[in-house]
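# Coordinate inspection notes
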Amino acid sequence: MNGSIVRVLVQPGQVVEAGTALVVLEAMKMEHSIRAPHGGTVKALFCQEGDMVSEGAVLVELVE
């Protein structure tokens, strides 16, 4: 679903564990936390607070 980025909770180079909240997305007047599917290091961010994003957009790149 389309939405807007409310908060970016991580930075490139940050090490995260599986389940760590990465981004908070607002869609249909509800906030959704986008969580890490696995542990790793944040390689890149492809969004910032206030951005409108489409369904399927890549928001964060994680490397193991």
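Look a little higher up for the structure.
What comes next concerns the included structure.

Rules behind the numbers
- Residues numbered from 1 in each chain as written.
- Predicted model: local features only at pLDDT ≥ 70, side-chain atom pairs only at ≥ 80, totals over all residues.
- Heavy atoms only, no water.
- Core = buried A, V, L, I, M, F, W, Y, C linked by side-chain atoms within 4.5 Å.
- Buried < 20%, exposed > 50% of the residue type's maximum accessible area, 1.4 Å probe, protein only.
- Helix = DSSP H or I, 4+ residues; strand = E, 2+ residues; numbered from the N terminus.
- Contact = heavy atoms within 4.5 Å.
- Salt bridge = Lys/Arg side-chain N within 4 Å of Asp/Glu carboxyl O.

## Structural notes on the nonpolar core
- Counting 14 residues, the largest nonpolar core has I5, V16 and L22 as its most contacted members.
- At the level of elements, β1 (3-8), β3 (21-27) and β7 (60-63) are the ones that each hand at least two residues to this core.
- The element contributing the most residues to this core is β3, with three residues.
- Those residues in contact with I5, other than ones at most four positions away along the chain, are V23, V24, L25, C47, Q48, E49, G50, D51, V53 and L59.

## Digging into unusual backbone geometry
- Residue M28 is not a glycine yet carries a positive backbone phi of 55 degrees.
- Following the sequence through the fold, M28 ends up in the loop between β3 and β4 (30-35).
- Residue classification places M28 among the exposed positions, given a relative accessible area of 72%.
- Despite not being glycine, K29 has its phi angle at roughly 65 degrees, a positive value.

## A look at the pattern of salt bridges
- Scanning the entire structure with this criterion turns up two salt bridges.
- We note a salt bridge from R7 to E31, for which the minimum N-O separation is 3.5 Å. On the criterion of sequence distance, the pair formed by R7 in strand β1 and E31 in strand β4 is long-range, its members being 24 residues apart.
- For R7, a relative accessible area of 36% gives the class partly exposed.
- A salt bridge links E61 to K43, with the nearest nitrogen and oxygen atoms 3.8 Å apart.

Shape descriptors only; they carry no functional weight alone.
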